[in-house]
Amino acid sequence: MRKKVTIVGAGNVGATAAHWIAAKELADVVLIDVVEGVPQGKALDLLQAMPIEKRDCTILGTNDYADTAGSDVVVITAGIPRKPGMSRDDLLMTNFKIMSDVVGKVVAQSPDTIIIVVSNPLDAMAQAAFKAAGFPRERVIGMAGVLDSARFRTFIAEELQVSVENVTAFVLGGHGDTMVPLSRYSTMAGIPITELIAPERLKELETRTANGGAEIVKHLKTGSAYYAPSAAAVEMVEAILKDKKKILPCAAYLQGEYGISGLYVGVPCKLGSKGLEKIIEIKLTAEEQAALQKSADSVKELCTVIGVA
Ligand SMILES: NC(=O)c1ccc[n+]([C@@H]2O[C@H](COP(=O)([O-])OP(=O)(O)OC[C@H]3O[C@@H](n4cnc5c(N)ncnc54)[C@H](O)[C@@H]3O)[C@@H](O)[C@H]2O)c1
Ligand SMILES: O=C(O)C[C@H](O)C(=O)O
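The model shown is predicted, which means the values in this text are computed figures rather than measured ones.

Parameters and conventions
- Residues numbered from 1 in each chain as written.
- Chains lettered and ligands numbered in written order.
- Predicted model: local features only at pLDDT ≥ 70, side-chain atom pairs only at ≥ 80, totals over all residues.
- Heavy atoms only, no water.
- Helix = DSSP H or I, 4+ residues; strand = E, 2+ residues; numbered from the N terminus.
- Polar contact = N/O pair within 3.5 Å; in protein donor to acceptor, adjacent residues only side chain to side chain.
- Contact = heavy atoms within 4.5 Å.
- Patch = residues over 30% accessible without salt bridge, like charges linked within 9 Å, V, L, I, M, F, W, Y side chains within 5 Å.
- Areas by Shrake-Rupley, 256 points an atom, 1.4 Å probe, with all protein chains shown as cover.
- Salt bridge = Lys/Arg side-chain N within 4 Å of Asp/Glu carboxyl O.
- Lys, Arg positive; Asp, Glu negative; His and termini not counted.
- Charge placed at Lys NZ, Arg CZ, Asp CG, Glu CD.
- Buried < 20%, exposed > 50% of the residue type's maximum accessible area, 1.4 Å probe, protein only.
- Near = heavy atom within 4 Å.
- Nonpolar A, V, L, I, M, F, W, Y, C, P; charged D, E, K, R; others polar.
- Domains from an automatic or database assignment.
- Buried area = accessible area lost by both parts, 1.4 Å probe.
- Core = buried A, V, L, I, M, F, W, Y, C linked by side-chain atoms within 4.5 Å.
- Axes fitted to C-alpha atoms, helices over the stretch in contact; angles between N-to-C directions.
- Left-handed = near helix turned anticlockwise from the far one by under 90°.

A. Representation of the side chain of Glu257. Residue position: Glu257 is located in the loop between strand S12 (246–255) and strand S13 (261–272). From its side chain, Glu257 meets the backbone nitrogen of Gln255 in a polar contact 2.6 Å long. Among all residues touching Glu257, those that are not within four sequence positions of it are Arg137, Ile279 and Glu281.

This is the structure we're talking about:
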């Protein structure tokens, strides 16, 4: 039997995630939204691309959670995106209400599922979903680090004029201005980029990465990025469905790792069929640890505001 993935929110990120899943023939997809007609229309449109793409996936658009029953993975993208001049934190109250509404309905239909949270502000929304779901931390994971690291990898590959396949990078911390691009653990063909790119230039690439979301919002004006974010969420879905044991930076509920407790923060994680299978602890310098702590503090502030700290 094919795997089943539900995507909550049939907007830009949600519909594009459905597209990537179907294009990779990873699973049958259920696309659900509060707006009537939009998930149905987008799902039917995508379904009609399957004969052309030679992919056998069903794609169902719906407003009824009964259709999501028994999902292996649920990706939550429901929520408003930011516009120019806004920070992700400005979305907190609106998206918290949406998250609280959605998670209960998801869990009622798929009590054994693994939830991947995408809605912003990411780490606080992951924490809200975790508390609302009542699942173990292994089954509620936030997507941000894969996207932020992909942005960093893009800029490094451009800088060094090499294939993106040669570049690995890690961005840790919360998905906000305080995220922590870890140049020391980023490589080109195994060579630390700190040996290849001058420190001042590296700093510029780190800053561009940290502002990567805002750079796209400024261009788009009406919303935020969705091609790379949806591809990032689908990389996590694939790692879980195929039990790949893949190490990816994800927002996970820390219980003492990196000296942080009771909070979602981006760290390197091993993803497999059980969801979050391990948190990888890498040695940080005092400066990196302080930056991670600062980032965690800003996540905690948001969690306190919505009462999920
Ligand atoms: N974590 C990340 O790295 C990352 C990256 C990109 C976007 N995002 C976030 O993802 C969210 C979605 O972005 P988008 O560009 O797809 O926005 P969008 O406006 O295109 O889509 C959001 C969809 O959510 C739906 N929705 C609203 N309330 C709902 C509810 N209660 N139940 C079901 N659906 C509901 C809307 O009808 C809409 O179709 C935003 O919060 C955005 O900030 C996060
Ligand atoms: O920037 C945003 O608001 C959307 C997303 O978090 C991103 O980084 O692209």
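B. Structural context of a negative patch on the surface. On the surface, Asp89, Asp90, Asp177, Asp297 and Glu301 cluster together to form a negatively charged patch. On the secondary structure map, Asp90 appears in the loop between strand S4 (73–76) and helix H4 (92–109). Assessed through its relative accessible area of 48%, Asp90 is described here as partly exposed.

C. Molecular detail of the site of ligand 2. For ligand 2, the full set of nearby residues is Arg82, Arg88, Asn120, Leu147, Arg151, His175, Gly213, Ser224 and Ala225. At 2.8 Å from an oxygen atom of ligand 2 is found a side-chain nitrogen or oxygen belonging to Arg88. For ligand 2, an oxygen atom lies 2.7 Å from a polar atom in the side chain of Arg151. Class assignment for the residues of the shell around ligand 2 results in two nonpolar, four polar and three charged.

D. Quick look at the pattern of salt bridges. Tallying each qualifying case throughout the model produces 14 salt bridges. Note that Arg184 and Glu288 form a salt bridge whose closest N and O atoms lie 2.7 Å from each other. Taken together, the residues Arg184 in the loop between strand S9 (180–181) and strand S10 (187–188) and Glu288 in helix H10 (residues 286–305) connect sequence positions 104 residues apart. With a shortest N-O distance of 3.1 Å, Lys203 and Glu206 are connected by a salt bridge. Placement of both Lys203 and Glu206 in helix H7 (residues 199–210) is noted, with a separation of three residues, approximately one turn of the helix. The class for Glu206 is buried, based on a relative accessible area of 14%.

E. Region of interest: the domain arrangement of the chain. The assigned domain composition of the chain is domain 1 (4–142) and domain 2 (145–306). The distance between the C-alpha centroids of domain 1 and domain 2 comes to 21 Å. Each partner contributes residues to the interface: domain 1 has 42 residues there, and domain 2 has 47 residues. Across the interface of domain 1 and domain 2, roughly 3700 Å² is buried in total on both sides, 70% from carbon and sulfur atoms. Sorting the residues of domain 1 by area buried against domain 2 places Arg88, Asp123 and Arg137 first, and these three jointly supply 19% of that buried surface. Across the contact surface, domain 1 and domain 2 share two salt bridges.

F. Representation of the environment of Met188 within the structure. Within the secondary structure layout, Met188 lies in strand S10. When its relative accessible area of 16% is taken as the criterion, Met188 is described as buried. In the structure, Met188 is positioned 16 residues away from Glu204 in sequence and 18 Å away in space, judged by C-alpha atoms. Discounting residues that sit within four places of it in the chain, Met188 has contacts with Leu160, Val162, Asn166, Ile193 and Leu196.

G. Seen up close, the nonpolar core. Core analysis: the largest hydrophobic core is formed by 86 residues, its most contacted members being Val5, Ile7, Val8, Val75, Val117, Met236 and Leu271. The residues touching Val75, leaving out its near neighbours within four places in the chain, are Val5, Thr6, Ile7, Val8, Ile116, Val118, Ala233 and Val237. By size, the runner-up hydrophobic cluster in this structure holds 13 residues, among which are Phe155, Ile156, Ile193 and Leu205.

H. Molecular detail of unusual backbone geometry. Here the amide bond leading from Asn120 into Pro121 is cis, since omega sits at -5°, within 30 degrees of zero. Position of Pro121 relative to the elements: it lies in the loop between strand S5 (114–117) and helix H5 (122–133). Not every positive phi belongs to a glycine, and Tyr258 is a case in point at roughly 55°. Among the secondary structure elements, Tyr258 is positioned in the loop between S12 and S13. Residue classification places Tyr258 among the buried residues on the basis of a relative accessible area of 5%.

I. Fine view of the packing of helix H6 (residues 145–160) against H7. At a minimum axis distance of 9 Å, the contact between H6 and H7 shows a crossing angle of 145°. For the element pair H6 and H7, the recorded crossing hand is right-handed. Judged by residue contacts, Asp148, Arg151, Phe152, Phe155, Ile156, Glu158 and Glu159 of H6 engage Arg201, Leu205, Glu206, Arg208 and Thr209 from H7. Classifying every residue of the contact of H6 with H7 by side-chain character gives four nonpolar, one polar and seven charged.

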